[in-house]
Amino acid sequence: RFAMSKTSPVKICHLYPEMLNLYGDMGNIICLHKRLLWRGIPCEIVPVRFGEKLKLSDIDMVFVGGGQDFEQEILLGDLKGNKANEIKAAVADGMPLLAICGGYQMLGHYYKDAQGKTLDYLGIVDFYTVASKKRMVGNLAFSLNDDPSTLILGFENHGGKTYLGDGVSCLGRVVHGYGNNGEDKTEGIRCKNVFGTYCHGPVLPKNPALADLVLKEVLIRTYGSDDALTKLDDSTEHAAHDEALNSTLRHHDDPSLHRL
Ligand code: GLN
């Protein structure tokens, strides 16, 4: 399929684009789209909304943003059945999926919300989430497990504490902020080709390393090779990253992390 790359677009399914779109999560879709187009790779975004049928057989990646407990509960019925079955099968088959915060929580077994109600989710990856009394709000910085010298920056605002099962790899280690639960220093998940993170922001435009880590898996799955993942001029993205990093770590308790 790589030979046909100019004519066969990478298709990214954007699940619940309006209902799960907190703190600029839509910007992640724009970023993925642009980073493909800048490399001469055509890309098509396929929105799938509440009540619409999900068909992933000709889709190359799924993106789902974050939401509040309110939306997560409303979506529960719609997610079960067709959508859950399609997502489970596609993920088992290696489809890349990126999920942010509330969308990330929906990949686990369940979310016990602030009222103590248990919302049963997809159980695609072995983890669960329990609401805590204290919300975890602020800038989040974590080192990427795929390349620990890379720090990823974002903004987190969640009540849910996520606990990973044995054998589930996190996306990175918390340097500043809370991450999955504020206790074990893990942040997000990186399992099969599933990426989950608590970072809003949107996270991808100012973290091109994370955007390209996801796109690498997308290109390998779509075209059988990541040869098309050429180097881009990311000077603007790096400036935004460094500014966010500096303003985050300036307030860190550990002065060795102060950058400015
Ligand atoms: N409802 C979730 C929580 O507060 C997710 C919030 C979000 O997506 N920002 O834990």
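Each remark here, short or long, concerns the structure printed above.
Conventions used here
Residues numbered from 1 in each chain as written. Predicted model: local features only at pLDDT ≥ 70, side-chain atom pairs only at ≥ 80, totals over all residues. Heavy atoms only, no water. Pairing = 2+ DSSP bridges. Helix = DSSP H or I, 4+ residues; strand = E, 2+ residues; numbered from the N terminus. Axes fitted to C-alpha atoms, helices over the stretch in contact; angles between N-to-C directions. Contact = heavy atoms within 4.5 Å. Near = heavy atom within 4 Å. Polar contact = N/O pair within 3.5 Å; in protein donor to acceptor, adjacent residues only side chain to side chain. Areas by Shrake-Rupley, 256 points an atom, 1.4 Å probe, with all protein chains shown as cover. 1 Å grid on protein atoms, 1.4 Å probe; cavity = no way out; pocket = protein on both sides within 12 Å on 5 of 7 lines; lining within 4 Å. Points joined across faces, edges and corners; volume = space filled by probe spheres on them. Nonpolar A, V, L, I, M, F, W, Y, C, P; charged D, E, K, R; others polar.

Enquirer: Would you mind going over the sheet that holds strand β1 (residues 10–15) with me for this structure?
Expert: Sheets are built from strands paired through backbone hydrogen bonds, the pairs being either parallel or antiparallel. Across the sheet, which stays open at both edges, the six strands sit in the order β2-β1-β3-β4-β12-β11 with mixed pairing between neighbours. Edge positions in the sheet fall to β2 (43–48) and β11 (189–191), since each has one partner strand and no second. Going across the sheet, the axis of each strand differs from the next one's by a mean of 15°, ignoring polarity. Of the pairings in the sheet, the one linking strand β4 (residues 97–100) to strand β12 (residues 194–197) comprises four bridges and is parallel in character. For I100, the partnering residue across the bridge sits in β12 and is T197. Each of β1, β2, β3 (61–64) and β4 is contacted by helix α1 (residues 26–37), which is oriented at about 180° to β1, the strand it contacts most.

Enquirer: Would you mind going over the site of the ligand with me for this structure?
Expert: Around the ligand, the surrounding shell holds 16 residues, and the nearest of these are G67, D69, Q72, C101 and G160. For the ligand, an oxygen atom lies 2.8 Å from a polar atom in the backbone of G67. Between the ligand and the protein, one listed contact pairs an oxygen atom with a backbone N or O atom of G160 at 2.7 Å. For the ligand, whose unbound accessible area comes to 300 Å², protein coverage reaches 98%.

Enquirer: Is there a simple way to think about the layout of surface pockets in this case?
Expert: Empty space among the atoms becomes visible once a probe the size of a water molecule is rolled across them. Looking at the largest pocket, its volume works out to about 170 Å³. Every residue lining the largest pocket is counted, 15 residues in all, and those nearest its centre are G67, Q68, R135, N157 and H158. Counting residues per element, the ones that place at least two in the lining of the largest pocket are α2 (69–92), α3 (102–105) and β8 (147–164). If one sorts the elements of the lining of the largest pocket by residue count, β8 sits on top with four residues. Its residues assigned to classes, the lining of the largest pocket shows four nonpolar, nine polar and two charged.

Just distances and angles here, no functional claims.
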